[in-house]
Each structure stands twice: as structure tokens, then as C-alpha cells.
Amino acid sequence: MPRALVIEDDEVTARDIVAELGAHGLVADWVADGREGLARALEDGYDIITLDRMLPGMDGIDVVSELRQRDVDTPVLMISALSDVDERVRGLRAGGDDYLTKPFAPDELAARAEVLLRRRRQGANETRLRVADLELDLVRHNAQRRDQELTLLPTEFRLLEFLMRNAGQVVTRQMIFEHVWGFHFDPGTNVIDVHIGRLRRKIDGVGHLPLIRTVRGSGYVLAPAD
Amino acid sequence: MRPLTDAWRSTTSRLIIIYGALFAVWCVVLLGIVQWETSRYLSGVIDQMLASRVHYLEGTAPRNMRATVESASQIDVQGAMWMGLFDAQGRHLAGNIATLPKELAEDDVARSLSANLASPTRKVTARVRGLAHALPDGTRLVVAKESSTIDGIGTIIRHGLLWGLSLTIIPGLLGGVLIARGPARRIRAIQQAMEPIREGDLSVRLPISGTGDEVDLLAGTVNATLTEIERLLGEVKGVTDNIAHDLRTPLTRMRTRLYRLQQQFESRPEGDQLDACVGEIDTVLSRFRALLRVSELEDRQRSACFETMDLCTVLRNVHEFYAPLAEDRGQRFELELGRLPPLRGDPQLMFEAFANLVGNAIKFTPDGGAVRLVASTDAGGDARVDIADTGPGIPPDEREAVFRRFYRGDETRAKPGCGLGLAIVSAIVRLHGYSLSVGGNEQGAVFSVTCPATA
């Protein structure tokens, strides 16, 4: 079972995080202090760490910097009440793998944690992704469904790559926006839905079993039909 | 506001000029009166001398008159007093006045003569006053005296006036300019200090010289007003931000609970209701996010995350991001990029600003309409980006208001949204020192962002 370390000083938030990670099959340990959190992260083999930005004892940014300096590559999901883009950039530059602002919906946290876990498991250097009869060749830059070539625009290709890398995992619209377009603000419209809609028309055309599914109130998941 | 660059336009300079002009007029009038009185007095003295001379000669017997006039005019070698005796036909009988001056009537009234007196020996070149007297035997006696003293005194007075005026007015004007420069400099400093205030930075205060004069007094009052406005705005903003900030946590928890219920009831009719509730809460949360985003942008320091950016790349990304949405609505979405100067800015924020503008343009343009994103360099060398649509346009009286938080015009109320997108755009544009304007007509709105090139 994958193990998670939750470094969070607010007890209510910490309990929510532990419960949500538990619901997604992770065993989570909770630490309320930055210094102690760093010690635990260095000792034990955790698969993922959720790290609050402002902590007693040691700041979240310092914790993640220290971890990276000591070659600990455990994925770190930073959590903070500071939503400013500069803060996100600082958090990510210090070594965080993703950034989530408070307050957050627990399913968003779980989705982000799972994306990080999956990335760690798969490694980022795969050149061929495959989900059911859908194939994506990252080197030749082409996509096929049941041996039939799909014509994708560059954005659609990036979007499909992101969905395929996280196949079976719910990804929120915000996550799609951040990972595919690289921006950190709320686009506030249904543009992501439109992009997904176009991709869906291309890969789930007539005669194919639908692969992209909408998860109400959350986002999308690309998964083989049951 | 017109810059106060010309010292002559200042109040002090104007007052000095008006005062100087009044002073000059007063001097001229005063010395004019003095000159007039002096010349009147001296003329009177001369006239009396002429009258007494006539009176003296009148006592002479008619047969001796010629000899007396002749000898008297010869005695008067300096020519201070002129005399002439003429017969009834005006012929010269005796004396050093050769011809009878025409202006003189035989009425014993002294007059200034315009023509020079002619004498058998010499001509009078100076001005004279003369008097004609009829003698009982029909002859006419003319006496005259030079009045150059009056002119001399007049010249002295005029010179005095010119010297007085030039010695007063020239240093006065120079001094005035110097005096006016002080207040003008201070007003310019105040004007410069007002610039950031006008752009929304209420933390700036007007400079105070410490002399406690009226400019200081005024600046002090404005500063106190600014402090109060800043406090009040801070309070209002603080309340708004706190509401948005504090309500997010309970709303997020409520959303989580509803979401979990919705997951349990997914295949039942309650699932749809719960889904709608989650959707509503998401809308509220996204509005709070937008509201806090505006505050966050307004609070940000100018130096944040700026780099030399390629605005064309930003605009291409915006176009690529929104093209599918426009296509879905059957709209033409055109991108026209000219050569742009290098700009300093935050590409993330500029993407956000243009995304909001383009998103709005697509939202308000009817299906089948057109949206254009055009970037060019204007005559002044600055980059200019226009986002034009074929929507209903923005009425002129609403064009200022659309950038206010939560403002929604009549046309926009029916559309989804919260009226914060343009407030975000405005905050980003201000943060960059760019300018944003809205134009167009009923055939569509045009939002223009002008970005000064980096030198």
C-alpha cells in the first residue's frame, strides 16, 4: 500500500487530508511540525508528501528545499492559503511538484496526489502510452485508435498525453489547465470542456467504445470501458 | 491636467505683471499731473512778465514808442524778451520781431506761438509765448518771451519718469520671476506626487516644505483627506476580502459533503439535484476566487515576476486556447499579429488579461459573429492590442463602469458571469503600467490595451 506523509499544522485540515488519502487507498501519517516533518520525510520511505506552506518549526519552502538538497525525490504536493501566483512559483521552484491552495475540495487533493504517485510509478520517460486500443507515440508524435491514425492538433496531443499518463484517474479542469497550458489561474469558463469535447469527438468516434468520461462535479477520467 | 511648465502662467507672475502695469500707469499719471501743473505755473509767470512789459511800454508817449521799442529790444541782447511794433496794416515799424505772428489777436491774451519768430538779425528757434496789444494810435505792440524753460522742466520730468519706471519695473519683473519660480516648483512637485494617486496608489502623500504657508496648508489638508480615504477604502476592501476569504472554507466543506452525497446518489434523481447544488457552490467559490484575485493583483508590488516578454507568443496562446470555443459557436476568430516592440511584463498575467478579454468577446458575440485579436505598433512605437467583437457593444455611459468590480450592464445580466473579469484585466493592466480603453459602437465593442515599449 502506498504511504503518504501529511505535514500540516491545522488539525481539521490534516484529518480531512488523511481521511481522503485513506479513501483512495493510501496509508497516511500526520506530522504537525515542519522540523519533525523533515526528519520523518528523510527517514521513512514515503511515496508522497503533502506539505503545508506555513508551519511551526520550519517553513514549508525550507522543508522541500532541504529534501531536494539531500536528493530525496519523493513527490511533494504543497498546500497553502497563499494563492498568489508568485507564491506558487516559489513553492514549485523550491522543489514542490504541485501546488494546491486552501481551501480545497478533498477530491481535488486526492486527484493531484494520485497524479503525482502515478508519475513516480511510471516515470516520465515512457515514449509510448497505451490505454485499451488507444495508442500515443510520443517520439513519432502520432496517435492511433484500433490501428487507425488520429489527426490531432498540438494542444489536443498534449491534452491526450496528460489524460493517458493519468488513465483511470480523475483529473480536474484546473489540473488540465495547469498541466497542459501551464497557467495558474482559474480560466473561469467552459473552455476546457470544449477542448475535451473536441478531443472526445476525435478519439471516441463512431464505432469506438468511449474512453473519456465526465465525472460530475469533478472533472474527467480517461479509462477503458468496463 | 496641464503641466505647469511656464513660469509666466503662475498666479504669482500674473499678479506681479498686473501690479507692475498698475504701478507704471500710476507713475505716468502722477508725473503727468506734476508736469502739467509746472508748465501751467511757469506759463503764468511768463504771461505776467509779458503783461507787465506791455503795461510799461503803454506809458510811453506814442511819438517815442518806436524809439523805445527799438532801444528796449536792442538792450535785450540775450533775446529773453522780444518786441515788435507794427502799423495798422501789420507792417514792421520797430523792434526785433520782424513779422506779426498770425496767431496773435489784439486781445492781450498770451499764447504759445507755433511758428518761429523772424527777426532782422536772427531767428528764434526755441518755443515762445507772445501777446499782442492794440495801441490807441492804431499801431500794434507785440511782446514775446522764450518758454524753453517749461520744455526743459518737462524733459527733466519725462526723463525722471523713464528712469523711475525702468529702475522699478525691470528689477521688479526679474524679482517677480524669481519669486514665482519657488511656488511653481512646489506646485510641480505636488503635481508629480498626484500622478500615482490618480492611478490609484493612495499611499503617496504630497510634499510639505515646512514653511507653513498656504501651499503647505493645502497639501496638509489633501494629505489628511488621502489618509482618511485610504483608511476607509482599506476597511471596505478588508471587509470584502475577509468575507470572500472566510466563507471559502465553510463553502468548500459544504461542497465536499454535497459531492460525496452526489457520488452516492449518482444514479438516482437526487443525484441531479445534488449535482446542481455542487455547481452553484462552485460558481460562488469561483466568484470569491476572482474577487480575491483582484485584491491580490492590486496589492502586488510592481517588481513582481516581470521579464522581457514576447507578447505575440502570449496572444498566439490565447488564440489557440479560445479558438475551439469560438468555432463551436460558429464565430470567426481572427488573429492578426504585426511586429511588436520588446515589452516588460509577466506573460502569465498578460495571458490571464487577454484570456478574460477574448472570453468576454466570444461570450457576448452572437453565434456566427466575429472576434478579432489584432496586435500592432502604433505611431508612438508602443504595442497596441485590440480585441474587437460583433456583439451588442458597450453604451458610452457604461464604458468607465465596466471595469468596476461586480458591474454588470443591462446587456450582460442575461449572460453567465460575475462582473469581475474586467476588474481583473484592469488590475493586471495597471500593475504593468499599460493602459486599457474601451470603444466601439452598437456593431460591437473594441477593447484596446496599449503597452509602452521598453527603452
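This one's a predicted model, so the numbers in the text were calculated from it and none came from an experiment.

Visitor: When you look at the packing of helix α6 (residues 311–328) of chain B against helix α7 (residues 347–364) of chain B in this model, what are you seeing that I'm missing?
Guide: Two quantities define a packed helix pair, namely the angle between the axes and the distance from one axis to the other. All names here are of chain B. Interaxial distance between α6 and α7 falls to 9 Å at its minimum, and their mutual angle equals 35°. Crossing angle aside, the handedness with which α6 passes α7 is right-handed. Each of Leu311, Val314, Leu315, Asn317, Val318, Phe321, Tyr322, Leu325 and Ala326 in α6 lies in contact with α7, whose residues at this interface are Pro347, Met350, Phe351, Phe354, Ala355, Val358, Gly359 and Ile362.

Visitor: How do you make sense of the interface of chain A and chain B when you look at a structure like this?
Guide: Bring the parts together and some accessible area is lost; that lost area is often taken as the interface size. Every contact between the two is made by 35 residues of chain A and, on the other side, 34 residues of chain B. Approximately 3,000 Å² of surface area, both sides summed, lies buried where chain A meets chain B, with 51% of it carried by carbon and sulfur atoms. Sorting the residues of chain A by area buried against chain B places Pro103(A), Phe185(A) and Arg216(A) first, and these three jointly supply 23% of that buried surface. Inspection of the chain A/chain B interface yields eight salt bridges. Scanning the region where chain A abuts chain B turns up nine residue pairs in polar contact (both at pLDDT 80 or more). Taken together, the elements giving at least two residues each to the side of chain A that touches chain B come down to α1 (11–23), α4 (85–93), α5 (106–122), α6 (154–165), α7 (173–181) and α8 (191–203) of chain A. Top contributing element to the side of chain A that touches chain B by residue count: α8(A), with six residues.

Visitor: What is the right way to look at helix α4 (residues 214–264) of chain B in this model?
Guide: Each α-helix winds once per 3.6 residues, and so residues spaced three or four apart point in a common direction. Here α4(B) spans 74 Å end to end across 51 residues, near enough to the 75 Å set by a 1.5 Å rise per residue. At Arg248(B), α4(B) is bent by approximately 30°, the largest bend along its length, and proline Pro250(B) sits one to four residues beyond.

Visitor: Looking at this structure, I do not really get the pattern of salt bridges. What am I missing?
Guide: Once the charged atoms of two side chains with opposite charge are near each other, the side chains can pair. This model, assessed by the stated rule, comprises 49 salt bridges over all chains. The shortest N-O distance in the salt bridge between Asp97(A) and Arg119(A) comes to 3.7 Å. Residue Asp97(A) is found in the loop between α4 and β5 (98–101), and its partner Arg119(A) is found in helix α5; the two are separated by 22 residues along the sequence. The class of Asp97(A) is partly exposed, set by a relative accessible area of 27%. As a salt-bridge pair, Arg201(A) and Asp328(B) come within 3.9 Å of each other at their nearest N and O atoms.

Visitor: Can you walk me through the packing of α6(A) against α7(A) in this structure?
Guide: Residue and element names in this part refer to chain A. Relative to each other, α6 and α7 sit at 120°, their axes nearing to 10 Å. Taken together, α6 and α7 sit at an angle that is classed as oblique. Here α6 runs over α7; the crossing is right-handed. Of α7, the residues touching α6 (which contributes Thr155, Arg158, Leu159 and Phe162) are Met175, Ile176, His179, Val180 and Trp181. When grouped by side-chain class, the residues that make up the contact of α6 with α7 number six nonpolar, two polar and one charged.

Visitor: I'm lost on the packing of aromatic side chains in this one. Help?
Guide: Think of a pair of aromatic rings as described by two things: how far the centres are apart, and how the planes are tilted against each other in angle. Using the criterion set out here, one finds 10 aromatic pairs over all chains in the structure. Their ring planes at 15° and their centres at 3.8 Å tell us that Phe183(A) and Phe351(B) sit as a pair that is stacked. Taken together, the residues span two chains, with Phe183(A) in the loop between α7 and α8 and Phe351(B) in helix α7. Its relative accessible area of 0% is what places Phe351(B) among the buried residues. Their ring planes at 55° and their centres at 6.1 Å tell us that Phe185(A) and Phe351(B) sit as a pair that is tilted.

Visitor: What's the story with the side chain of Arg255(B) in this structure? I'm lost.
Guide: Topologically, Arg255(B) is positioned in helix α4. The exposure class of Arg255(B) is buried, given its relative accessible area of 7%. Contacts of Arg255(B), omitting those with residues within four sequence positions, involve Ala105(A), Asp107(A), Gly217(A), Val278(B), Ile281(B), Asp282(B) and Leu285(B).

Visitor: Looking at this model, I keep getting lost on the sheet that holds strand β1 (residues 81–86) of chain B. Mind explaining?
Guide: Strands pair in a sheet through their backbones, by hydrogen bonds, and they do so in one of two ways: parallel or antiparallel. Residue and element names in this part refer to chain B. Taken together, the five strands give an open sheet; going across it, the order is β2-β1-β5-β4-β3, and neighbouring strands pair in antiparallel fashion. Each having just a single partner strand, β2 (92–95) and β3 (111–113) make up the two edges of the open sheet. Ignoring which end each strand starts from, the neighbouring axes of this sheet average 30° apart. Here β1 runs beside strand β5 (residues 140–146); their pairing, made up of six bridges, is antiparallel. Residue pairing across strands places Phe86 opposite Arg140, the latter belonging to β5.

Visitor: Would you mind going over the environment of Glu20(A) with me for this structure?
Guide: Along the chain, Glu20(A) falls in helix α1. Judged by relative accessible area, which is 6%, Glu20(A) ranks as buried. A C-alpha to C-alpha distance of 6.1 Å links Glu20(A) and Pro106(A), two positions 86 residues apart in sequence. Once you skip the residues sitting within four places of it in the chain, Glu20(A) turns out to touch Pro106(A), Asp107(A), Leu109(A), Ala110(A) and Arg260(B).

Visitor: Got a minute to help me understand the sheet that holds strand β10 (residues 171–172) of chain A in this structure?
Guide: Residues and elements named next belong to chain A. As summarised here, the arrangement of the three strands in space is β10-β12-β11, forming an open sheet in which the pairing is antiparallel. In the strand order of this sheet, the two ends are held by β10 and β11 (212–215), each with one partner. Judged from the two bridges that link them, β10 and strand β12 (residues 219–222) form a sheet pairing that is antiparallel. The residue bridging Thr172 from the neighbouring strand is Gly219, located in β12.

Visitor: Is there a simple way to think about the nonpolar core in this case?
Guide: Nonpolar side chains in soluble globular proteins tend to be buried together. If you look at the biggest cluster of nonpolar residues, it comprises 99 residues, and the most contacted ones within it are Leu160(A), Ile176(A), Leu222(A), Leu311(B), Tyr322(B) and Phe354(B). If near-sequence neighbours (up to four positions away) are discounted, Leu222(A) is found in contact with Val131(A), Leu134(A), Leu160(A), Leu163(A), Met164(A), Ala167(A), Gly168(A), Ile203(A), Leu211(A) and Ile212(A).

Visitor: Just checking my understanding: could you explain unusual backbone geometry for this structure?
Guide: Most peptide bonds take the trans form, and the phi angle of most residues other than glycine is negative. Residue and element names in this part refer to chain A. Residues Lys102 and Pro103 are joined by a peptide bond in cis, for which omega reads -10°. For Pro103, the location among the structural elements is in the loop between β5 and α5. Its identity as a non-glycine residue notwithstanding, Asp71 has a phi of 60°, on the positive side. As for its position among the elements, Asp71 is in the loop between α3 (60–69) and β4 (76–80). Of note in this structure, His141 is not a glycine but carries a positive phi near 60°. The residue His141 is located in the loop between β7 (134–137) and β8 (142–145) in this model.

The rules behind these values
Residues numbered from 1 in each chain as written. Chains lettered and ligands numbered in written order. Predicted model: local features only at pLDDT ≥ 70, side-chain atom pairs only at ≥ 80, totals over all residues. Heavy atoms only, no water. Axes fitted to C-alpha atoms, helices over the stretch in contact; angles between N-to-C directions. Helix = DSSP H or I, 4+ residues; strand = E, 2+ residues; numbered from the N terminus. Left-handed = near helix turned anticlockwise from the far one by under 90°. Contact = heavy atoms within 4.5 Å. Buried area = accessible area lost by both parts, 1.4 Å probe. Salt bridge = Lys/Arg side-chain N within 4 Å of Asp/Glu carboxyl O. Polar contact = N/O pair within 3.5 Å; in protein donor to acceptor, adjacent residues only side chain to side chain. Expected span 1.5 Å × (residues − 1). Bend = angle between axes of the 7 residues up to and from the residue. Buried < 20%, exposed > 50% of the residue type's maximum accessible area, 1.4 Å probe, protein only. Parallel < 35°, antiparallel > 145°, perpendicular 65-115°, else oblique. Nonpolar A, V, L, I, M, F, W, Y, C, P; charged D, E, K, R; others polar. Phe/Tyr/Trp six-rings, centres within 6.5 Å; stacked < 30°, edge-to-face > 60°. Pairing = 2+ DSSP bridges. Core = buried A, V, L, I, M, F, W, Y, C linked by side-chain atoms within 4.5 Å.

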